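Below are the chains, spelled out letter by letter.
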Amino acid sequence: MNLKTLIVASALATFAAASYGAYAADVQVTCEKRSSRSKASVDGSGLATGQYRAVLKSGTHTARTPFAPAIGDEAQFDFDSNPNDVADGATQISANFIVDGRVKGYLLNAEGKRVTPIVTAICRIRR
């Protein structure tokens, strides 16, 4: 392989890696803890067309949403202990779900494979 071919191959590999990174799925996790309520969201972006579910963990607690389709390249999932928010579509969790003010969240595709990083969020604490 001559130097010119090596430079071109290197440039193409760099471009391909940068393009892949631009389309990689990501997730944002937010949460809030009150004395009588736990609330969290797991929002994915950069997703391929398909069905996804969110997984939320805190301490020894784990909750999973039902599968839902990505809209565009995004999927948003809410978890809540408030019955009104559960009636509006949030996945039910207990009021004491959030432990030590932290949660971890990620998304799975319909085949059960994790498609986003596992993100830890420090929760807003309200009284």
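Residues numbered from 1 in each chain as written. Predicted model: local features only at pLDDT ≥ 70, side-chain atom pairs only at ≥ 80, totals over all residues. Heavy atoms only, no water.

A. Expanded view of the state of the cysteines. Across all of its chains, the model carries one disulfide by this definition. The disulfide that involves cysteine 31 links it to cysteine 123, with 2.0 Å between the sulfurs. Judged by the torsion about the S-S bond (-100°), the cysteine 31/cysteine 123 disulfide is left-handed. Taken together, the residues span a long stretch of sequence, with cysteine 31 in strand S1 (residues 26-34) and cysteine 123 in the loop between strand S9 (119-122) and strand S10 (124-125) at a distance of 92 residues. Assigned by exposure class, cysteine 31 and cysteine 123 land together as buried. (Disulfide = S-S within 2.5 Å. Helix = DSSP H or I, 4+ residues; strand = E, 2+ residues; numbered from the N terminus. Buried < 20%, exposed > 50% of the residue type's maximum accessible area, 1.4 Å probe, protein only.)

B. Examining the sheet that holds strand S2 (residues 37-45) more closely. Strand order in the open sheet made by the five strands is S7-S6-S2-S1-S10, with mixed pairing throughout. Each end of this open sheet is capped by a strand with a single partner; those strands are strand S7 (91-92) and S10. Two strands pair when backbone bridges link them, and S1 and S10 are joined in this way by two bridges, in the parallel orientation. Directly across from lysine 33, in S10, lies its bridge partner isoleucine 125. (Pairing = 2+ DSSP bridges.)

C. Inspection of the layout of surface pockets at higher detail. Taken as a whole, the largest pocket spans an internal volume of roughly 230 Å³. Forming the walls of the largest pocket are 15 residues, and the residues nearest its centre are Phe77, Asp78, Phe79, Gly89 and Ala90. Residue composition of the lining of the largest pocket, by class: five nonpolar, five polar and five charged. (1 Å grid on protein atoms, 1.4 Å probe; cavity = no way out; pocket = protein on both sides within 12 Å on 5 of 7 lines; lining within 4 Å. Points joined across faces, edges and corners; volume = space filled by probe spheres on them. Nonpolar A, V, L, I, M, F, W, Y, C, P; charged D, E, K, R; others polar.)

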